[in-house]
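This is what each chain is made of:
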Amino acid sequence: MMKSIFWKSLYLGKKSILWLVYLIFAFYIGHLVFTVPAFGTKVIFGSIGIIVLSIVLLFEYLKNSYEKMIYALTIECDLTKAKQRKLDLQKKDLFNGFKQSIIIFDSLLLLDEGKYQECLTHLERHQRFFHGTLDYLFIYYHTQMYCHYFLKDQKNLHISLEHLTKLQSANKKQMRGLFSWHEIIGINYLYQNRNQKCLQELELINQNKLNNRELTYLLYVKGQCLLKLEQKSEGYRLLKEAKVLGNTLAITQVM
């Protein structure tokens, strides 16, 4: 609950500052229109101001819709709401400005819905897009990793982990901290049944930096690791915590 309030407060704070900037710009344009003596200049300033503000407001409207979609998935973990907000954004995004963002979003959504094979198909269909940047490639293999993990496909899980390991040795300055390497190493240990090493890696993750969706997956994996270590009381406690936090995510339905 406190984390949800924090994220919402941060979001509202950023938005307030941004709208204040737009308001100042609008007043400045209005000031120019009313103070310049020449009528032609008034028309030019007024027209430029209206065009700029219209474009900015349209973009902000779409961006706001996109952020609400992301918030529904990553903070509220509400799949129904996230899908509805995605449809609303697509209807209003007449110029497909958020098309690439939707591709990434759909990969996360399919994973969260438990549609692992569909998710893998989606990733392959848009393989060229995901190979466009190191960040996108990171998302590509990380999502693959979880799909193979839940499908219990050890062969392809191993391949995904190998690709992620190669990425780790790439120039990290080109990659944002999208996911924790401790999480990836932990899952690799879990796959190898080196459960104590897995737990040690997962314990190194700073949970305060995770959104609710990410934390749900972490708690799930950590819970499974603890169950393998016969620490059942703590394992089931974490799985119960993940179930509450993850709301409608597929992994909370099979605990």
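No experiment lies behind these values; they were computed from the predicted model shown. (Residues numbered from 1 in each chain as written. Predicted model: local features only at pLDDT ≥ 70, side-chain atom pairs only at ≥ 80, totals over all residues. Heavy atoms only, no water.)

Here we look at the overall build of the protein
Along its length, the protein carries twelve helices and zero strands. Written out in order from the N terminus, the α and β elements of the protein read α-α-α-α-α-α-α-α-α-α-α-α. When the 255 residues of the protein are sorted by exposure, 41% land in the buried category. Across the protein, contacts joining residues at least 24 apart in sequence account for 57% of those joining residues at least 6 apart. (Helix = DSSP H or I, 4+ residues; strand = E, 2+ residues; numbered from the N terminus. Buried < 20%, exposed > 50% of the residue type's maximum accessible area, 1.4 Å probe, protein only. Contact = heavy atoms within 4.5 Å.)

What about the side chain of N211?
Mapping N211 onto the fold places it in the loop between helix 10 (195-203) and helix 11 (212-228). At a separation of 3.1 Å, a polar atom in the side chain of N211 contacts the main-chain amide nitrogen of R213. (Polar contact = N/O pair within 3.5 Å; in protein donor to acceptor, adjacent residues only side chain to side chain.)

Notes on the pattern of salt bridges
Scanning the model with the defined rule gives nine salt bridges in all. In this structure, E203 engages K222 in a salt bridge whose closest nitrogen and oxygen atoms are separated by 3.8 Å. Here E203 is found in helix 10, whereas its partner K222 is found in helix 11, with 19 residues between them in sequence. Here E241 makes a salt bridge to R237, at a shortest N to O gap of 3.4 Å. Separated by four residues within a single helix, E241 and R237 lie in helix 12 (residues 232-246), roughly one turn from each other. The partly exposed category is assigned to R237, whose relative accessible area is 42%. Each of K83, E113 and K115 takes part in a single network of salt bridges with overlapping partners. (Salt bridge = Lys/Arg side-chain N within 4 Å of Asp/Glu carboxyl O.)

Focus: helix 12
Because an α-helix packs 3.6 residues into every turn, residues spaced three or four apart end up facing the same way. Counted at 1.5 Å a residue, the expected span for helix 12 with its 15 residues is 21 Å, and the 20 Å between its end C-alpha atoms agrees. Turning to helix 12, its buried residues are G235, L238, L239, A242 and G246. Down the axis of helix 12, the buried set is contained in an arc of 100°. They therefore lie on one face. Those residues of helix 12 that are exposed and angled more than 90 degrees off the buried face are S233, Y236, K240 and V244. Contacts made by the buried residues of helix 12 are with helix 11. (Expected span 1.5 Å × (residues − 1). Arc of directions from axis to C-beta.)

A short note on the packing of aromatic side chains
Here the structure, examined in full by the defined rule, presents 14 aromatic pairs. For the ring pair Y149 and F150, a centre distance of 5.2 Å and an interplane angle of 70° mean the geometry is edge-to-face. One aromatic cluster in this structure is built from Y116, Y146, Y149, F150, Y217 and Y220. (Phe/Tyr/Trp six-rings, centres within 6.5 Å; stacked < 30°, edge-to-face > 60°.)

Some words on the nonpolar core
Among the nonpolar cores identified, the biggest contains 63 residues, and L111, F130, M145, Y146 and F150 are the most heavily contacted of them. Other than its neighbours up to four places away in sequence, F130 contacts I103, I104, S107, L123, Y136, L137, I139 and Y140. (Core = buried A, V, L, I, M, F, W, Y, C linked by side-chain atoms within 4.5 Å.)

So, the packing of helix 7 (residues 134-150) against helix 11
Remark: helix 7 packs on helix 11, axes separated minimally by 14 Å, with the N-to-C direction vectors making an angle of 40°. The pairing of helix 7 with helix 11 is recorded here as oblique in orientation. When you trace helix 7 past helix 11, the crossing you get is left-handed. Contact residues: Y146, Y149 and F150 in helix 7; Y217, Y220, V221 and Q224 in helix 11. Tallied by class, residues from the contact of helix 7 with helix 11 come to six nonpolar, one polar and no charged. (Axes fitted to C-alpha atoms, helices over the stretch in contact; angles between N-to-C directions. Parallel < 35°, antiparallel > 145°, perpendicular 65-115°, else oblique. Left-handed = near helix turned anticlockwise from the far one by under 90°. Nonpolar A, V, L, I, M, F, W, Y, C, P; charged D, E, K, R; others polar.)

Limitation: the analysis is restricted to geometry and does not speak to function.
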